[in-house]
Every structure is written in C-alpha cells, then in structure tokens.
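Descriptive structure summary
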Amino acid sequence: MKKLLLAASAAALLAGSWLAPAHAEYLKEHRGGTIRLLARSAAGTLDPHINYTDQGWQMYQPIYDGLVAFRKAEGVEGFSIVPDLAEALPTVSNDGKTFTFKLRKGIKFSNGQDLGVKDVVASFQRIFKVSGPTSGTFYAGIVGADKCLADTKSCTLEGGVVADEAAGTITLNLTKPDAEILYKLALPHAVILPADTPAEDMGSKPIPSTGPYMISAFDPNKGMTVSRNPNFKQWSEEAQPDGYPDVVQYDFGLSEEAAVTAIQNGEADWMFDALPSDRLGELGSKSMDQLHISPLSAWWYAPLNTRMAPFDNEKARQAVAYAVDRNTLVKLFGGKVLASPVCQVLPPDFPGHEDYCPFTKNPGAKWSAPDVDKAKQLVEESGTKGQKVTIIVEDTAISRSIGVYLQSVLTNIGYVADVKPISSNLQFTYIQNTNNKVQMSVTQWYKDYPAASDFLNILFSCASFREGSDASINISGFCDKDIDAQMQKALDLGVTDQKAADKMWAAIDKQVTDKAPAVGLFTPKRLDFVSKRIGNFKFNPQFNWIITQSWVQ
C-alpha cells in the first residue's frame, strides 16, 4: 500500500496550493454564452455507467461526479486524483483493503434531490446490475462483487460497500489491495447517481447529475443540449470547477468536411471527429492559431476475432499483422505530425512500454516496412486462403479509408474481403457483441488511466470477454489462461513495487503482441480545431479538451 498512501499524501499537499486565483475573476468577465460543438454522430447510450467512449467521457466531466476525480488541469497535474464528492481522499486501513470516505454535505442532484450515502451504495450496486463494461475488471475486487457478477439483478455488494448514515461515511472493502483503485473510482463508470435510477441502460434518457451542468435535451439523431445545473454550488475548483458557458450545444449529423467549414465560418466552435486529411494543409496555412495539437496515450487497432474463422488461426492473424503498411495508415490519418506507426499494444511513453515490433521486415524494436511475402506464406500455412472476411468500420472519413485500405491488404494476401461502415453511434457496441459475428473491425482505445493494465488487462483478459453482450470490451475474444495469470501477478505486484510490475507488463505486452489478437495500426495525437470565439483552451491528458473551462465571450 505504499504507493497509494504516498499518492494520497502528495495530492493532499497539492490541494491547498493548486488553486488558481484568476478563475473567479475570469468567471465575472467571461461567464455566459453558448459553445457549439459538432460530431458526425452521438456517442451511444447516455448512461455513464455503461458508455465507454472517449466522446461520451469527455462530455461527462462537468456533468457527473464520483467520490474522487482526476484534477481538471493541464499536463501531468491532470493525472492526479483529488477528492470530489468525498471531503478528502480516503482513510486506508486493513492492510490496504479498506477505504473510508466521508461524503460532503449540502450537494444536490440537478433534480433537486439531496445527495446521500444511500445514493453511493445504490450506484455501486448499479454498476453490476446494468452489467457495466468494466464491472468484471475495474470493480471485481470489491467484496461481494463475485456474487453480483454471477447474478447481476440481485446485487447487494454486502460487506463491500457499507454506508454509515449518521457519520456520513462510505466504506469500501476490497478482497485484496488494488494499487489502481482510486483511478478506477475517478472514472465515469463509478459516478454517483440518484438511488432511484432504474437498473437498466437509460439509453437516450438523461440521468440527474451533480456537476455544474446537466443534460437538458437529447436526440441521438440530432443533438444534445447541456445547460447549467440550477442546484450546483462549487465545492472544489480542482475537482469540479464552475464553467464559463451557460449552454453547450452538441449537434450531430454533419460530415467532417461540413464541420470544418462551419467552424471556419463561425457557425460552430469545435468538432469531435478527426479532421479530414485533405483539409489539413489549408488549415495549417490559414488557421494555425485555431489548431491545438496534444499528445495522447491511445491506439488505433484492428481487433481480429480469435473465436471465428479465419482468425481463430494464429498464423492467419499474424499474416495480417505482417501485411499492414503502418506508414500508409499514418498518411491516411494526416501524416507524421499527427500519428506514428505501432506494432505492439502499449503506446510509447506509457508505463510498461518497451519498443517491440515482431511483425515487420527485420523484426526488432521499430516498425520498418510490411513483409507481404511472409504474410502470404502464413496464409498458405494456415489453410485459410480464399476465405471471406468482412471489416466493420465507423462511418467516418478516416475509418472508411482505413477499412478500404485493409480490404486491399487482405485481398492481396489471399482473402475475399469487403468493408461495412456502421454509424459511429452504433459501431463500437456492435463490434463487441458476439451475436453479430464480427471477424475484423477498426476501432480505437484511449487510456482510461495511466497504467499498463488499462490496455492489456482490459482489452485482452478473459474477464473482459462476455458472450452476447454489447459491453464485451475484449473485442477479439482473446483468452489465454497463462497470460491471464501473469496479468494478475503484475496487478498484485503493483501494490508494493510498481517499477517491477511494469517490467512484468512489458513482458506481457510482447506475449499478447506475438499472439496477434489485434493488429496495432498507429498511435495518434489529438488535433483540435476551434473557432476564433474560443478562449482559454485547456487540454487535460485524461479527458482531452476541458470544454466548459473555455469561454466564448
């Protein structure tokens, strides 16, 4: 538990010194107005206990709260954990297995209901009752979680989440120490909702929230309106600061090309989707002061279904990994300024990352060029030549272009391939569900928090695979018992020796990469194009642009 205790102490010391005195002054000058956002489509369900998209999580930051939060700050400060609905970081006892939080008083939900400890207990139960996508990974270590995973509807977490109404405390009991538990509690899947929130996916129906904003209207085909929560009073500037705009209007349906034009004309302020590569030169020459490039710990990849032909054959999967030209994909994404080739799972500069590239000409540390002859040889050896493969991509310009490129690669090495674009609003859940029999897809993974397990354990552990579920984040269905056991050992080791654990994760990264349950395509940077109206642009490494900390007047 040394790591957690040290983290808590450091955060507590910083809490008093971080506050920026300019915030209150700026609020007087710039408060008000409407920020107008664009995306090709919505981000799936509104339910924060289920939604597992970068687009959704970015919007939830000024809307929902957990017991703790990632600090709303730029740079490495944005990775630090601060108390949010809890008065302080928890008291840790019982050899690192018990965390006690004291709930703040006087906080109300946007519907006027008071926040109480019963809401915290019900919210943790709800994570399991709705079969949240990370209930089997992030929160499986809570006492009683095993019963909840086995029978979701009757989940009580008895002995795992204990409320003391009189003291205003919540005690979280774990089955064993977890070095990453505070990160997990700071994510949208652990936000606190009213106790009477139905234990089902709320889909398009907004759920009352505690942050400075609430979702006041939503139509998955048209847009979302986020307005001020009339019951919000700022309790922590570093966890949940008041925002500048009165309204955030998020409209869906415009193509990326049309969105760029709308921002240029001052009709919108920002777009979620990646900018079309054919507009980058124009924007770089005419609108450089409106562009913000930020590093990401992220991965574009192509999951290969290890439980369906032809990719239930390891040689067939490795063949695709050898054949894909990462430099071509980098060009499709916008060039070397915006992306870099990758071969392995863990992104550069991430905990546990050690350069590794087995699927390239001259295998070694870095990718150099595709080895198509090797790929064709493996297809022959696998006995899968001539089989049909459908690639499921998002209906966006870049995803479609990547899909078409991969189709050509598969055709060249001996398969009969086609591409099927699906609305971004549906594609991510569609490719997770085994009932849809997806052989190959294109998707992205943006870290939940800065730890190697967040890529390897979440995307490729046996516990992350759920037959017939829209929330089976192990899209490739990969499950290797030996690698799984190593991941558990690395998680346990991280409690006392994170450096040694990261060495283990580096070895696991190589083993998963060798098995090729997915093909790494490239690691991207975030390019935000904003209107001339936007002021005070701040990029948080955890949740990207902090939208409501910018102003438009």
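Residues numbered from 1 in each chain as written. Predicted model: local features only at pLDDT ≥ 70, side-chain atom pairs only at ≥ 80, totals over all residues. Heavy atoms only, no water.

1. Notes on unusual backbone geometry
The peptide bond linking A309 to P310 adopts the cis configuration, its omega dihedral lying at 0°. Its identity is not glycine, yet K437 carries a phi of approximately 50°, on the positive side. Mapped onto the fold, K437 is located in the loop between helix 13 (424-432) and strand 17 (440-441). The backbone phi angle of N536 is positive, close to 65°, even though this residue is not glycine. Mapped onto the elements of the fold, N536 is located in the loop between strand 19 (518-529) and strand 20 (539-540). Overall, N536 belongs to the partly exposed group, its relative accessible area being 22%. (Helix = DSSP H or I, 4+ residues; strand = E, 2+ residues; numbered from the N terminus. Buried < 20%, exposed > 50% of the residue type's maximum accessible area, 1.4 Å probe, protein only.)

2. Re the packing of aromatic side chains
Overall, the coordinates contain 27 aromatic pairs when judged by the stated rule. Aromatic side chains F138 and Y139 sit 5.8 Å apart centroid to centroid with 85° between the ring planes, which places their arrangement in the edge-to-face category. The same class applies to F138 and to Y139, which are both buried. Note on Y322 and F359: the rings are 5.2 Å apart at their centroids and 80° apart in plane angle, and the pair reads as edge-to-face. Taken together, the residues span a long stretch of sequence, with Y322 in helix 9 (residues 314-323) and F359 in the loop between strand 14 (339-341) and helix 11 (372-382) at a distance of 37 residues. (Phe/Tyr/Trp six-rings, centres within 6.5 Å; stacked < 30°, edge-to-face > 60°.)

3. Thoughts on helix 11
Residue pairs spaced three or four apart in an α-helix point in one direction, given the helix's 3.6 residues per turn. By the burial criterion, the buried members of helix 11 are A375, L378, V379 and S382. One face of helix 11 carries all of its buried residues, which in axial projection span an arc of 100°. Buried residues in helix 11 make contact with helix 9 and helix 12 (397-413). The positive-phi residue at the C-terminal boundary of helix 11 is G383, with phi of around 75°. (Arc of directions from axis to C-beta. Contact = heavy atoms within 4.5 Å.)

4. Describing the confidence of the model for the protein chain
Predicted confidence across the protein chain gives a mean pLDDT of 93, with 96% of residues reaching 70 or more. Across residues 1-19, confidence stays below pLDDT 50; counting only partners more than four residues off in sequence or on other chains, it has 34 contacts. (pLDDT = per-residue confidence, 0-100.)

5. Focus: helix 12
An ideal rise of 1.5 Å per residue puts 24 Å on 17 residues; helix 12 measures up with 25 Å between its terminal C-alpha atoms. Taken as a whole, helix 12 has its buried residues at I398, S399, I402, G403, Y405, L406, V409, L410 and I413. Taken end-on, helix 12 shows its buried residues confined to a sector of 165°, consistent with a single buried face. Immediately beyond the C-terminal end of helix 12, within one or two residues, lies G414, with a positive phi of roughly 120°. (Expected span 1.5 Å × (residues − 1).)

6. Examining the pattern of salt bridges
For the coordinates displayed, the defined rule picks out 24 salt bridges. The salt bridge involving E354 is made with K503; its shortest N-O contact spans 2.8 Å. With a gap of 149 residues between them, E354 in the loop between strand 14 and helix 11 and K503 in helix 16 (residues 498-515) connect regions that are remote in the sequence. For E354, a relative accessible area of 26% corresponds to the partly exposed category. Here K503 falls in the exposed class, since its relative accessible area comes to 52%. Here R526 makes a salt bridge to D528, at a shortest N to O gap of 2.9 Å. According to the relative accessible area criterion, R526 is buried, its value standing at 11%. What emerges from the salt-bridge pattern is a single network uniting R31, R228, D242 and D246. (Salt bridge = Lys/Arg side-chain N within 4 Å of Asp/Glu carboxyl O.)

7. A short note on the sheet that holds strand 17
Pairing in this open sheet of three strands is parallel, and the strands run 16-15-17 from one edge to the other. At either end of the open sheet lies a strand with only one pairing partner, and these are strand 16 (416-422) and strand 17. In the sheet, strand 15 (residues 388-394) pairs with strand 16 via seven bridges, with the strands oriented parallel. Note on strand 16: the bridge partner recorded for T390 is D418. (Pairing = 2+ DSSP bridges.)

8. Examining the state of the cysteines
If you walk through the whole model with that rule in mind, you get three disulfides. Disulfide pairing places C148 opposite C155 at an S-S distance of 2.1 Å. Judged by the torsion about the S-S bond (75°), the C148/C155 disulfide is right-handed. Taking relative accessible area as the criterion, C148 reaches 1% and is therefore assigned buried. We classify C155 as buried; its relative accessible area is 3%. (Disulfide = S-S within 2.5 Å.)

9. Side note on the nonpolar core
What tends to happen in soluble globular proteins is that the nonpolar side chains get buried as a cluster. The biggest cluster of nonpolar side chains holds 107 residues, and the ones touching the most others in it are F124 and L172. The leading source of residues in this core is helix 4 (residues 117-129), at six residues. Contact partners of L172, with chain neighbours within four places excluded, come to K97, T98, F99, F101, F124, I142, G160, V161, I181 and L185. The next biggest cluster of nonpolar side chains, apart from the first, holds 51 residues, and it includes I263, A323, L329 and A516. (Core = buried A, V, L, I, M, F, W, Y, C linked by side-chain atoms within 4.5 Å.)

10. A look at the pairing of strand 6 (residues 161-164)
Bridge count for strand 6 against strand 7 (residues 169-173) is four bridges, and the pairing is antiparallel. If you follow D164 over to strand 7, its bridge partner there is T169. As consecutive antiparallel partners, strand 6 and strand 7 are separated by four residues, and within that stretch G168 has a phi angle of approximately 70°, a positive value.

11. Structural notes on the side chain of E180
If you trace the backbone, E180 turns up in the loop between strand 7 and helix 6 (181-185). The side chain of E180 sits in the buried core without any salt bridge; K184 is the nearest counter-charge, 4.3 Å away. E180 has contacts with Y449, A451, S453 and L491, leaving out every residue within four places of it along the chain. (Lys, Arg positive; Asp, Glu negative; His and termini not counted.)

12. A word on the packing of helix 14 (residues 453-460) against helix 15 (residues 481-493)
Where helix 14 meets helix 15, the closest approach of the two axes is 11 Å, and the angle between their N-to-C directions is 145°. In this structure, helix 14 crosses over helix 15, and the sense of that crossing is left-handed. Where helix 14 approaches helix 15, its residues S453, L456, N457 and F460 are matched on the opposing element by D484, M487, Q488 and L491. For the contact of helix 14 with helix 15, a count of residues per class yields four nonpolar, three polar and one charged. (Axes fitted to C-alpha atoms, helices over the stretch in contact; angles between N-to-C directions. Left-handed = near helix turned anticlockwise from the far one by under 90°. Nonpolar A, V, L, I, M, F, W, Y, C, P; charged D, E, K, R; others polar.)

13. Re the packing of helix 15 against helix 16
Between two packed helices, what matters for the description is the angle formed by their axes and the separation of those axes. In contact at an axis separation of 8 Å, helix 15 and helix 16 are set at 160° when each is read in the N-to-C sense. As far as their axial angle goes, helix 16 and helix 15 are roughly antiparallel. Crossing geometry of helix 15 relative to helix 16 is assigned as left-handed. On helix 16, the residues touching D482, I483, Q486, M487, K489, A490, L491 and L493 of helix 15 are Q498, A500, A501, M504, W505, I508, Q511, V512 and K515. Residue composition of the contact of helix 15 with helix 16, by class: eleven nonpolar, three polar and three charged. (Parallel < 35°, antiparallel > 145°, perpendicular 65-115°, else oblique.)

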